[in-house]
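# Residue-level structure breakdown
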Amino acid sequence: SRQKAAYIRQAGFTPIQQEQMVLSYIDKHGAIKRAEVMDLCHLDRNQAYRLLTRMKEAGQIKQIGEQKGAVYERA
């Protein structure tokens, strides 16, 4: 869809690249927070939330803790 293409252009990285960046960060640092995903992938809060949710549903990562204190590790 056109909207999806615009989202990808605006974000600067494809969803697959974003997932790889998040997993690489976790491998290096042990875990990642949503704010770090926002910085890493140049995403806003909602985009970062959607990326992390998609990765959780795919079984790539797991969430430890809740809300502001949440961190994400490899599943």
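Further up the page is the structure itself.
Now for a quick tour of the structure. It should be emphasised that the depicted structure is a prediction, and the values quoted were computed from it without experimental measurement. Note that residues are indexed from 1 along each chain, following the sequence as it is written. Residues qualify for local features only when their pLDDT is at least 70, as the model is predicted, and side-chain atom pairs are given and counted only at 80 or more; totals for whole chains, interfaces and linings, by contrast, use all residues. Side-chain measures here rest on the full set of heavy atoms in the structure, leaving out hydrogens and waters.

## Describing the pattern of salt bridges
- Salt bridges are counted wherever a side-chain nitrogen of Lys or Arg sits within 4 Å of a carboxyl oxygen of Asp or Glu. With the rule as written, the count across this model stands at two salt bridges.
- Across the pair E19 and R54 runs a salt bridge whose closest N-O atoms are separated by 3.5 Å. In this pair, E19 is assigned in helix α2 (residues 15–29) and R54 in helix α4 (residues 45–57), connecting sequence segments 35 residues apart.
- Relative accessibility under 20% of the residue-type maximum defines a buried residue, over 50% an exposed one, and the middle range a partly exposed one, all with a 1.4 Å probe and only protein chains included. Overall, the relative accessible area of 34% leaves R54 in the partly exposed class.
- Put simply, R74 and D27 hold a salt bridge, and the shortest N to O gap is 2.7 Å. A residue pair is termed long-range when its members are at least 10 positions apart, and R74 in strand β2 (residues 71–74) and D27 in helix α2 qualify at 47 residues. Secondary structure elements follow DSSP: runs of H or I of four or more residues count as helices, runs of E of two or more count as strands, with numbering from the N terminus.

## Some details on the packing of α2 against α4
- The interhelical angle for the contact between α2 and α4, taken along N-to-C directions, is 80°, at an axis separation of 11 Å. When the axis of α2 is compared with that of α4, the two are roughly perpendicular. Where α2 abuts α4, its residues P15, Q18, E19, V22 and L23 lie against L51, R54 and M55.
- Ten residue types, Ala, Val, Leu, Ile, Met, Phe, Trp, Tyr, Cys and Pro, are classed as nonpolar, four, Asp, Glu, Lys and Arg, as charged, and the remainder, Gly among them, as polar. Along the lines of polarity and charge, the residues of the contact of α2 with α4 split into five nonpolar, one polar and two charged. Axis definition: a line fitted to C-alpha atoms, over the contacting stretch in the case of helices. Angles run 0 to 180 degrees between N-to-C directions. Throughout this description, any angle smaller than 35 degrees is read as roughly parallel, any larger than 145 degrees as roughly antiparallel, any in the 65 to 115 degree range as roughly perpendicular, and the remainder as oblique. Contacts are residue-level and defined by heavy atoms, with any inter-residue pair within 4.5 Å sufficient.

## Topic: the pairing of β2
- When DSSP finds two or more bridges between a pair of strands, those strands are recorded as paired. Pairing between strand β1 (residues 61–64) and β2: four bridges, direction antiparallel. Bridging across to β2, I61 finds its partner in R74.
- Remark: six residues form the turn of the hairpin made by β1 and β2, two consecutive strands paired antiparallel; G65 in that turn has positive phi of roughly 85°.

## Digging into the packing of helix α3 (residues 34–41) against α4
- Where α3 meets α4, the closest approach of the two axes is 9 Å, and the angle between their N-to-C directions is 105°. On the basis of their axis angle, the class for α3 and α4 is roughly perpendicular. Of the residues in α4, those in contact with R34, V37, M38 and C41 of α3 are R45, A48, Y49, L51 and L52.
- Taken together, the residues that form the contact of α3 with α4 break down as seven nonpolar, no polar and two charged.

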